[in-house]
Amino acid sequence: MSLQISEFEQAVSLQRKGELIKAKKILERILVLQPDHFDSLLLLSIINYQLGIFDIALKYNDIILKIRPNFLQGYNNRAIILKEIKRFDEALLSINKAI
């Protein structure tokens, strides 16, 4: 009996090992089939942040907030990303939504 793990779980494992590009490719494949897969969107935002691709991290984070507007961690993450790209006023607005 072979143990199969989901593609998402595989992406999480790769991300934890620092294999960000491999994880990113898997997550992008998931989104082709399930464009609103919340956990994949969240992890893609995190991975792009880790890679320093802040505009794409922000894009995925904003999609997350459209799906779940009450996801407070999303506003916190958004503020962190915005701070990195020196959009401080917007970062402050996002952090205020998170608290």
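Residues numbered from 1 in each chain as written. Predicted model: local features only at pLDDT ≥ 70, side-chain atom pairs only at ≥ 80, totals over all residues. Heavy atoms only, no water.

Details of the packing of aromatic side chains
Right, on to step 1. Within the structure shown, the criterion is met by two aromatic pairs.
Right, on to step 2. Seen in terms of ring centroids, Phe38 and Phe71 are 5.1 Å apart; in terms of plane orientation they differ by 90°. Their pairing is edge-to-face. Remark: Phe71 occurs in the loop between α4 (54–67) and α5 (72–84) and Phe38 occurs in helix α3 (residues 38–50); sequence separation between them is 33 residues. For the residue pair Phe38 and Phe71, the accessibility class agrees, reading buried in each case.
Right, on to step 3. Sitting over the ring of Tyr60, Lys59 keeps its end group 5.0 Å from the ring centre.
Right, on to step 4. The ring of Phe38 carries Arg68 above its face, with NZ or CZ at 3.7 Å from the centroid. (Phe/Tyr/Trp six-rings, centres within 6.5 Å; stacked < 30°, edge-to-face > 60°. Helix = DSSP H or I, 4+ residues; strand = E, 2+ residues; numbered from the N terminus. Buried < 20%, exposed > 50% of the residue type's maximum accessible area, 1.4 Å probe, protein only. Lys NZ or Arg CZ within 6 Å of the ring centre and 35° of its normal.)

Description of the side chain of Asn77
Right, on to step 1. Residue placement: Asn77 occurs in helix α5.
Right, on to step 2. Judged by relative accessible area, Asn77 falls into the buried class, the value being 17%.
Right, on to step 3. A distance of 2.8 Å separates the side chain of Asn77 from the side chain of Gln73, its partner in a polar contact.
Right, on to step 4. With sequence-adjacent residues up to four places away left out, Asn77 is seen in contact with Leu42 and Asn61. (Polar contact = N/O pair within 3.5 Å; in protein donor to acceptor, adjacent residues only side chain to side chain. Contact = heavy atoms within 4.5 Å.)

Let's talk about the packing of α4 against α5
Right, on to step 1. Contact pair α4 / α5: the axes reach a minimum separation of 10 Å and the direction vectors enclose 160°. Viewed along their axes, α4 and α5 adopt a mutual orientation that is roughly antiparallel. As α4 packs across α5, the resulting crossing turns out to be left-handed. Mapping the contact onto sequence places Phe54, Ala57, Leu58, Asn61, Asp62 and Leu65 in α4 and Gly74, Tyr75, Asn77, Arg78, Ile81, Leu82 and Glu84 in α5.
Right, on to step 2. When its residues are assigned to classes, the contact of α4 with α5 shows seven nonpolar, three polar and three charged. (Axes fitted to C-alpha atoms, helices over the stretch in contact; angles between N-to-C directions. Parallel < 35°, antiparallel > 145°, perpendicular 65-115°, else oblique. Left-handed = near helix turned anticlockwise from the far one by under 90°. Nonpolar A, V, L, I, M, F, W, Y, C, P; charged D, E, K, R; others polar.)

Let's talk about the pattern of salt bridges
In a structure, side chains of opposite charge can pair up when their charged atoms sit close to one another.
Right, on to step 1. Counted by the stated rule, this structure contains five salt bridges.
Right, on to step 2. Among the ionic pairs, Lys83 bridges to Glu84, the shortest N-O distance being 3.9 Å.
Right, on to step 3. Of the charged contacts, one joins Glu90 and Arg87 as a salt bridge, the two residues approaching to 2.8 Å between their closest N and O atoms.
Right, on to step 4. Judged by its relative accessible area of 30%, Glu90 is partly exposed. (Salt bridge = Lys/Arg side-chain N within 4 Å of Asp/Glu carboxyl O.)

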